[in-house]
Amino acid sequence: MDRDKLQIAIEKGDIEWQRHALEQMMERGITRETVKEVLRHGEIIEDYPDDKPYPSALFLRWIRSEPFHAVAAFDSLTEKCFVITAYKPDLEHFESDYKTRREK
């Protein structure tokens, strides 16, 4: 994923919020601004270059001492960001670094 182009898309407002993402964000009390911060300044902890229809990635960002994850895809042709989901990771699914998935 091209981080520079993703950040430009976010700054320009070229973001498409998937309905599922917005519903999940509302249920979880996560704002659009929080998600944009995660995508702009977060660390890519998993990269999914073969995702369809566009490559995507899982981002981690600590905000006010809380970890947040966001998954976004980027269409390099239209230079648009697609927010797929956002959530607060838990220790049931991730190690204490919130980067490493726990073995199932």
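Predicted model, so just to flag it, every value in this text is computed and none were measured.

## Some details on the pattern of salt bridges
1) Next: Tallied over the full model, the rule gives ten salt bridges.
2) Next: Here Asp14 ties to Lys12 by a salt bridge, and the two come within 3.7 Å at their closest N and O atoms.

## Observations concerning unusual backbone geometry
1) Next: Across the junction of Lys52 and Pro53, the peptide omega takes the value 5 degrees, indicating a cis bond.
2) Next: Phi angles above zero are rare outside glycine, and Arg64 is one such case at about 50 degrees.
3) Next: Relative to the helices and strands, Arg64 is located in the loop between β3 (56-63) and β4 (66-75).
4) Next: Owing to a relative accessible area of 66%, Arg64 belongs among the exposed residues under this scheme.
5) Next: With a phi close to 65 degrees, Ser65 is a non-glycine residue in the positive phi region.
6) Next: One can find Ser65 in the loop between β3 and β4.

## A look at the sheet that holds β3
1) Next: Taken together, the five strands give an open sheet; going across it, the order is β1-β5-β4-β3-β2, and neighbouring strands pair in mixed fashion. The strands lining the two open edges of the sheet, one partner per strand, are β1 (15-17) and β2 (43-48). With strand direction ignored, the average angle separating the axes of adjacent strands in the sheet is 30 degrees.
2) Next: Sheet analysis places β3 next to β4, joined by eight bridges and oriented antiparallel. Across the sheet, Leu58 pairs through a bridge with Val71, a residue of β4.
3) Next: Its contacts with the sheet place helix α2 (residues 19-28) against β1 and β5 (80-87), and it is angled at close to 35 degrees to β5.

## Some thoughts on the confidence of the model for the protein
1) Next: A residue-level look at the protein finds 100% of positions with pLDDT of 70 or above and a mean pLDDT of 94.
2) Next: Across the protein, the secondary-structure element scoring lowest on mean pLDDT is helix α1 (residues 3-12), at 92, and the one scoring highest is β3, at 97.

Thresholds applied
- Residues numbered from 1 in each chain as written.
- Predicted model: local features only at pLDDT ≥ 70, side-chain atom pairs only at ≥ 80, totals over all residues.
- Heavy atoms only, no water.
- Salt bridge = Lys/Arg side-chain N within 4 Å of Asp/Glu carboxyl O.
- Helix = DSSP H or I, 4+ residues; strand = E, 2+ residues; numbered from the N terminus.
- Buried < 20%, exposed > 50% of the residue type's maximum accessible area, 1.4 Å probe, protein only.
- Pairing = 2+ DSSP bridges.
- Axes fitted to C-alpha atoms, helices over the stretch in contact; angles between N-to-C directions.
- Contact = heavy atoms within 4.5 Å.
- pLDDT = per-residue confidence, 0-100.

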